[in-house]
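Take a look at the letters that make up each chain.
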Amino acid sequence: MQAKSKPLQALTASDLMNPDVVCLPEEMPLRDAAQLLLQNRIGGAPVVDAQGKCVGVFSAIDFLRLSEMRSDTTRPTSPPLPLTCSFQARHRTHDGKEVTLCTLPPGVCPIQVRQEGPGGEKLIVCSQPNCVLVDWQVVDVEKLPTDEVRRFMTPDPVTVHPAASIRVLARMMIDAHIHRVIVVDEERRPIGVVSSTDLLASLAYTDAEP
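Owing to the predicted nature of the structure, the values given are computational and were not obtained by experimental measurement.

Q: Honestly, the overall build of the protein chain in this entry has me stumped. Any pointers?
A: When its secondary structure is counted, the protein chain shows five helices and 13 strands. Here the protein chain, with 210 residues, has 40% of them falling under the buried criterion. Across the protein chain, every contact between residues at least 6 apart in sequence was considered, and the portion connecting residues at least 24 apart equals 56%. Surface exposure of the protein chain reaches about 11900 Å², of which carbon and sulfur atoms provide 53%.

What follows is the structure in structure tokens.
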């Protein structure tokens, strides 16, 4: 949040938004989009067309919808996938077997597994190295379809202009049952994102009104 000294009711989308917007091109393969969300540790992002205009949102809820369409996810996949997490590391044990280590501290990631190598070495292994963690589930990247994001995104996203008040933002989130609103310019290009966490932070840290 940019303006902690501003009265709470005077805050607008431009005060609250995160201007570092991660956008997904609508033609991006679903597998690449999942990896991009993981790399940026976010649960969703606006989808844009060739002109940069916001045409949808792709988020964890769309992965839930995708789970109901598994019959469409059996298409042949391309070459071996890269590591899907920046905290993964390939490791070869004494017997020549290759495993994927998790470099995070023990207990941080829910798919870590403690193992003992053939030489007695203690290992923290990623049990699902081709998976992407999202808000409520683990998505196996290897089983994701190679189709474009536009097929799975939520169209008609909820957007606001930078001058929208905090009251308007809160009502939009409640009415639409969403956790983020895309802030756009006059040409409907994303310039920021306001999340429900941003609203809570404004309530917690904005100076009290006299």
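Q: Help me understand the sheet that holds strand β3 (residues 54-59) in this model?
A: Two orientations exist for strands paired in a sheet by backbone hydrogen bonds: parallel and antiparallel. Taken in spatial order, the four strands line up as β1-β2-β3-β10 in an open sheet, and their pairing is mixed. The open sheet has two edge strands with one neighbour each: β1 (24-25) and β10 (154-155).

Q: Any chance you could explain the environment of E26 here in plain terms?
A: Structurally, E26 can be placed in the loop between β1 and α2 (30-40). Given a relative accessible area of 16%, E26 falls into the buried group. Remark: the alpha-carbon pair of E26 and D49, spanning 23 residues in sequence, is separated by 5.7 Å. With residues up to four places along the chain from it excluded, the contact list for E26 reads V47, V48, D49, A50, V55, E148, V149 and R150.

Q: I would appreciate a short explanation of the environment of I191 in the present structure.
A: Relative to the helices and strands, I191 resides in strand β13 (residues 190-195). Between the alpha carbons of I191 and V22 there is a distance of 9.7 Å; along the sequence they are 169 residues apart. Apart from the residues within four sequence positions on either side, I191 is in contact with M17, N18, P19, V21, P162, V183, V184 and D185.

Q: Mind showing me how you'd approach the confidence of the model for the protein chain here?
A: Regions with low pLDDT carry predicted coordinates that are not meant to be interpreted in detail. With 73% of its residues at a pLDDT of at least 70, the protein chain reaches an overall mean of 79. Taken together, the stretch residues 71-83 has pLDDT below 50 and engages in 21 contacts with residues farther than four places along the chain or on a different chain.

Q: What is the right way to read the pattern of salt bridges from this model?
A: Charged atoms that come close allow side chains of opposite charge to pair. What the rule picks out here adds up to eight salt bridges. D185 serves as the salt-bridge partner of R189, at 2.9 Å between the closest nitrogen and oxygen. One network of salt bridges, with partners in common, ties together E26, E148 and R150.

Q: Whenever I open this one, unusual backbone geometry confuses me. Can you help?
A: One can expect most non-glycine residues to show negative phi and most peptide bonds to be in trans. A positive phi angle is found at D156, which is not glycine, with a value near 50 degrees. A positive phi angle is found at H177, which is not glycine, with a value near 55 degrees. For H177, the position within the fold is in the loop between α4 (166-176) and β12 (180-184).

Rules used in this analysis
Residues numbered from 1 in each chain as written. Predicted model: local features only at pLDDT ≥ 70, side-chain atom pairs only at ≥ 80, totals over all residues. Heavy atoms only, no water. Helix = DSSP H or I, 4+ residues; strand = E, 2+ residues; numbered from the N terminus. Buried < 20%, exposed > 50% of the residue type's maximum accessible area, 1.4 Å probe, protein only. Contact = heavy atoms within 4.5 Å. Areas by Shrake-Rupley, 256 points an atom, 1.4 Å probe, with all protein chains shown as cover. Pairing = 2+ DSSP bridges. pLDDT = per-residue confidence, 0-100. Salt bridge = Lys/Arg side-chain N within 4 Å of Asp/Glu carboxyl O.

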